[in-house]
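The lines below spell out each chain.
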Amino acid sequence: MVDNPMDFSKIEKKWQKRWEEKKIFEVKEDSKKKKYYVLEMFAYPSATGIHMGHSFNYTIGDIFARFKIMNGFNVLHPVGYDALGLPAENAAIKDGTHPEEYTNKSIQNFMKQQKGLGLTYDWTRLINTANPDYYKWDQWIFLKMFEKGLAYQKTSAVNWCPSCATVLANEQAQDGTCDRCDSPVEIKHLKQWFLKITDYADELYEEVDKLDWPDKTKAMQKNWIGKSHGTEIDFEINGEKWPIFTTRPDTIFGVTFMVVSAQHTKLMELVTKEQKKDVEKFLKKLGSVSEKEQADMEKEGVFTGSYATNPANGAKVPVCAGNFVVADYGAGMVMAVPAHDQRDFEFAKKYGIEIKQVISGKISPTRAWTDSGKLINSKEFDGLENEKAKAKITDWLIKKKIAKRVVNFRLRDWGISRQRYWGTPIPIIYCDKCGAVAVPEKDLPVELPKKVKFGEGNPLETNKDWIKAKCPNCGGMGRRETDTMDTFVNSSWYFLRFCDPHNDKAIFDPKKVSYWCPVDLYIGGAEHACMHLIYHRFYTKFLADLGLIKFREPTPRVFHQGMINDEKGEKMSKSKGNVVEPLETMATYGVDTTRHFLVSVASPDKGFNWSYNGIAGSLRFTRRVMEYFSNAKDGKDSPEIISKLNQIIKSVTEDYETLQYRKATIELKELLDLMDKSPVSKDTKEKFLKILSPICPHITEELWEKMGNKGFLSLEKWPDYKEVKQKEKANIDENIIGYVSEILKKVEQKQEVKKIFIYVVPFELPLIKQDKIKKAFKQEVKIFSLSDKNKYDPSERASRAVPGKPAVYFE
RNA sequence: GAGGGAGUAGCGAAGUGGUCAAACGCGCGGGACUCAAAAUCCCGUCUCUUCUGAGUUCGGGGGUUCGAAUCCUCCCUCCCUCACCA
């Protein structure tokens with residue numbers, strides 16, 4: 001730790017106050033100005049306040065917003081809170097505080113802290129998702145989806161914690177235990193609400209390629225959606241057609257059994273009387289393990305008693321129920337080809353089922369042959385390359401009308417039901433006569449009841465007054481849906497609401513949205529690569545289909561900041577006691593110093609380890625800036641400064657644009673070093689302040705004022721720079737003559753020179769005027785290209801030639 | 001198992017075909033200032049050196065090229081994500 005003798009906090013408070021008073025970051029639509037929408041991912045306000053990761057995230061976005069403001073853009077940079085969700089409810093259960101109270105406190109805390117960072121937020125656009133004015137529109141979108149058949153109910157398995165009497169998300173049920181109380185998780189089947197995101201699977205998949213997102217994130221999204229082309233083939237079982245999905249129709253002659261998922265809804269139709277007991281025993285065993293555990297289990301199964309007919313060769317093969325087939329992917333049943341699929345292979349080995357090879361290749365005692373090869377044992381298809389056979393066999397089966405080409409996705413519909421209080425109520429009323437009925441739009445929002453009891457399951461369910469509701473259809477007595485929505489619903493469209501946050505007539509004014517959207521730069525952690533970033537794309541596409549918006553991708557450019565760990569490289573956590581508090585740090589070193597440090601260690605997408613020595617380095621820099629401006633006198637710019645300044649402004653501008661802030665800090669330091677060495681003009685100093693301003697907004701604002709300027713530096717125009725010309729190309733001959741003469745002078749002192757050999761880089765040879773160079777010297781001059789291997793002695797040294805600096809020999 | 005990313009000086013980290021022994025920061029060494037220290041500033045920090053250069057480097061091997069840290073290929077190591085998706 002280093003003492004900080006300079007009192008930055010006074011300067012910080014002064015400028016934060018002025019920015020707020022003059023409302024300089026509040027924005028309105030302005031058709032004359034180009035817009036830019038910078039957004040950091042929605043934060044969950046927790047009682048513990050902001051941590052270093054938040055600060056890093058905000059700093060990255062804020063630097064960018066400031067840069068864009070100074071470049072003349074109308075910048076929308078809003079902030080809001082994703083306030084509904086589990087943590088508030090957990091706190092309520094634990095401490096007895098009402099979630100609303102907890103949330104409001106947390107938000108107040110967050111706001112205070114964020115304001116201390118001097119961020120360019122337009123605070124008038126604040127969103128709090130726990131506010132009925134906001135979640136009313138969650139409900140509105142839900143109703144639209146319900147109307148279009150995109151919101152529907154089905155029974156599905158959930159992770160259930162018997163001790164907390166609640167449903168757990170997959171993340172909360174890792175290792176098969178509840179992450180709060182460690183009780184073993186059970187599987188329970190409940191009727192739940194789903195959003196039909198799979199209707200958009202293909203578009204979601206295909207449009208990933210168009211996005212300017214990190215490659216890794218794009219790959220993850222594609223994997224998650226998982227598009228695969230294959231063939232659906234009907235197998236006959238007990239006189240009925242049962243389709244299966246396969247990507248390997250070429251192996252159909254090698255099918256020796258079938259496996260139906262143990263969770264298949266129609267499993268019992270396949271089970272014969274004799275086998276019923278065995279199957280039930282098997283299911284019972286499976287029922288006690290979670291899905292996660294099943295993944296680690298050995299492949300197991302049980303014979304159902306039924307046989308399937310292979311449509312390719314008429315062979316009768318047994319149908320088994322198995323633990324390794326996913327019920328809701330494909331048809332929930334597979335044709336098993338143990339010779340060429342590792343899972344089927346293991347299963348067949350275990351139960352002694354025949355392994356029939358149909359593709360040439362070597363099957364080892366432990367591994368199936370899953371590579372390519374030629375078909376064997378496949379009748380008329382023998383000898384075909386298996387890749388070609390896929391198409392041929394599919395065509396053959398299609399002709400027989402028992403197959404079709406299909407595309408399957410691994411993406412599942414989005415289950416949004418949560419048996420929780422602190423979420424958006426699902427606007428549905430159940431009526432004995434009419435079933436599930438939508439709450440009419442005029443009755444929105446369905447508000448959460450204020451009075452609730454925690455600790456006895458879902459507080460909505462135990463609230464008898466709230467549940468009672470008239471059926472909107474028949475007027476009879478009904479009951480409200482007590483499930484609330486997944487919080488990811490709230491963050492799926494909030495970026496739209498920021499464009500028109502106080503609209504009480506509509507979800508938003510399409511005109512406003514079409515001015516600001518899509519989001520030009522979206523910044524947040526990579527952990528949202530699969531869930532949030534898919535959901536908000538889905539919502540966007542749905543709203544576009546409703547005709548409310550004109551774009552189909554919400555965030556064409558996404559940036560992930562890296563993780564900040566402690567000095568040893570370990571993750572910061574309360575329990576380890578290694579948390580570096582951003583606010584303490586800022587109080588000690590100053591906000592600008594901290595901002596500078598956060599972006600000066602590594603490029604922001606990489607993350608880094610915290611270092612007190614490192615931030616001392618940033619402090620040296622900010623202090624030097626302050627001292628320089630209070631001491632240095634104005635002078636005249638040297639030509640060196642002018643060209644360097646130009647060059648630095650150019651590259652710093654590019655660095656900001658590409659978020660390579662670290663490079664910018666290096667070049668800013670270089671410029672400061674230069675200014676320190678020789679006097680520079682006031683203009684140069686001002687330019688320096690301007691280009692430093694996005695990273696260090698407070699001190700630069702102060703110094704700007706001290707230089708006698710009025711108004712805000714934050715709103716000043718970004719300095720221009722002249723394109724640095726590549727003069728090398730224009731004066732290539734001159735350069736070479738100059739370079740060679742210089743060396744010649746030295747050499748002539750030692751020896752007499754009769755011949756000069758010049759080796760230039762290949763691409764230069766056609767560009768230079770050889771005559772001109774030859775005339776410049778009284779000696780005989782020979783010019784070669786480095787690629788002329790068989791010309792005069794291209795010894796190793798010749799290869800030292802670089803553009804503008806040829807290799808030279810004298811004789 | 002599948003996919004993604006990374007390996008550069010004591011450490012962090014730039015550099016993505018030529019001007020690279022490699023910016024910048026930290027650390028370390030020396031110096032200035034000081035009675036002294038802290039802070040600050042200057043110089044140095046791969047090896048050798050006649051201080052002007054020379055040599056060996058960018059996980060390892062092979063290749064392309066006049067020229068490779070940078071392109072291709074194989075291998076090794078590490079990190080992350082999804083994992084029974086037929």
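Placed above this text is the structure.
Residues numbered from 1 in each chain as written. Chains lettered and ligands numbered in written order. Predicted model: local features only at pLDDT ≥ 70, side-chain atom pairs only at ≥ 80, totals over all residues. Heavy atoms only, no water.

**Q** How should the overall build of chain A be read in this particular structure?
**A** Regarding its fold elements, chain A presents 26 helices and 28 strands. In terms of its C-alpha atoms, chain A occupies a principal-axis envelope of roughly 105 × 75 × 50 Å. For chain A, the proportion of its 811 residues judged to be buried stands at 53%. Pairs at least 24 residues apart make up 73% of the contacts formed inside chain A by residues separated by at least 6 positions. Of the roughly 39,000 Å² of accessible surface on chain A, 50% is carried by carbon and sulfur atoms. Between the mean site of the 127 positive side-chain charges and the mean site of the 114 negative ones, chain A shows a separation of 2 Å. (Helix = DSSP H or I, 4+ residues; strand = E, 2+ residues; numbered from the N terminus. Buried < 20%, exposed > 50% of the residue type's maximum accessible area, 1.4 Å probe, protein only. Contact = heavy atoms within 4.5 Å. Areas by Shrake-Rupley, 256 points an atom, 1.4 Å probe, with all protein chains shown as cover. Lys, Arg positive; Asp, Glu negative; His and termini not counted. Charge placed at Lys NZ, Arg CZ, Asp CG, Glu CD.)

**Q** Any chance you could explain the sheet that holds strand β26 (residues 755–760) here in plain terms?
**A** The strands that make up a sheet pair up through hydrogen bonds in the backbone, lying either parallel or antiparallel. The 3 strands are arranged β27-β26-β28 in an open sheet whose pairing can be described as mixed. Strands with a single pairing partner mark the edges of an open sheet, and in this sheet they are β27 (780–785) and β28 (807–810). When strand polarity is set aside, the average angle formed by the axes of neighbouring strands in this sheet is 20 degrees. (Pairing = 2+ DSSP bridges. Axes fitted to C-alpha atoms, helices over the stretch in contact; angles between N-to-C directions.)

**Q** Teacher, can you tell me more about empty space enclosed by the protein here?
**A** Empty space left among the atoms is revealed by rolling a probe the size of a water molecule over them. Per the stated rule, a full pass over the model turns up 1 cavity of 30 Å³ or more. Considered as a void within the structure, the largest cavity measures approximately 70 Å³ in volume. Along its surface, the largest cavity is lined by Leu39, Glu40, Met41, Phe42, Ala43, Tyr58, Pro78, Val79, Gly80, Gln114, Tyr121 and Phe498. Its residues assigned to classes, the lining of the largest cavity comprises 9 nonpolar, 2 polar and 1 charged. (1 Å grid on protein atoms, 1.4 Å probe; cavity = no way out; pocket = protein on both sides within 12 Å on 5 of 7 lines; lining within 4 Å. Points joined across faces, edges and corners; volume = space filled by probe spheres on them. Nonpolar A, V, L, I, M, F, W, Y, C, P; charged D, E, K, R; others polar.)

**Q** Just checking my understanding: could you explain the environment of Trp704 for this structure?
**A** Positionally, Trp704 belongs in helix α23 (residues 697–706). Other than its neighbours up to four places away in sequence, Trp704 contacts Glu686, Leu689, Lys690, Asn709, Lys710, Gly711, Phe712, Leu713 and Glu716.

**Q** When you look at the packing of aromatic side chains in this model, what are you seeing that I'm missing?
**A** Geometry of an aromatic ring pair is reported as the spacing of the ring centres plus the angle between the planes. Counted by the stated rule, this structure contains 45 aromatic pairs. Ring centres 5.7 Å apart and planes at 70 degrees place the aromatic pair Phe146 and Trp193 in the edge-to-face group. A residue pair is termed long-range when its members are at least 10 positions apart, and Phe146 in helix α5 (residues 132–147) and Trp193 in strand β7 (residues 186–195) qualify at 47 residues. Put simply, the rings of Tyr36, Phe64, Phe67, Phe73, Tyr656, Tyr661 and Trp718 pair up and form one aromatic cluster. (Phe/Tyr/Trp six-rings, centres within 6.5 Å; stacked < 30°, edge-to-face > 60°.)

**Q** Mind showing me how you'd approach the nonpolar core here?
**A** For soluble globular proteins, nonpolar side chains are generally found buried alongside one another. Residues Tyr37, Phe142, Trp414 and Leu496 are the most contacted members of the largest nonpolar core, which totals 93 residues. Excluding its chain neighbours within four sequence positions, the residues that come into contact with Tyr37 are Leu76, Pro78, Phe495, Phe498, Cys499, Trp516, Cys517, Pro518, Val519, Asp520 and Leu521. With 67 residues, the next largest nonpolar core counts Trp15, Met626, Ala664 and Ile691 among its residues. (Core = buried A, V, L, I, M, F, W, Y, C linked by side-chain atoms within 4.5 Å.)

**Q** Would you mind showing me how to read the pattern of salt bridges here?
**A** Here the idea is simple: oppositely charged side chains can pair when their charged atoms come close. Applying the stated criterion across every chain, the model contains 50 salt bridges. With a shortest N-O distance of 3.8 Å, Lys350 and Glu300 are connected by a salt bridge. Highlighted residues: Lys350 in helix α11 (residues 342–351) and Glu300 in the loop between α10 (291–296) and β11 (301–309), separated in sequence by 50 residues. According to the relative accessible area criterion, Lys350 is partly exposed, its value standing at 36%. For Glu300, a relative accessible area of 14% translates into the label buried. Two residues, Asp683 and Lys687, come together in a salt bridge whose shortest N-O distance is 3.4 Å. Taken as a pair, Asp683 and Lys687 lie in helix α22 (residues 682–692) at a separation of 4 residues, close to a single helical turn. A single network of salt bridges, built from pairs that share partners, joins Glu203, Glu207, Lys210, Arg537, Lys541, Asp545, Arg552 and Glu553. (Salt bridge = Lys/Arg side-chain N within 4 Å of Asp/Glu carboxyl O.)

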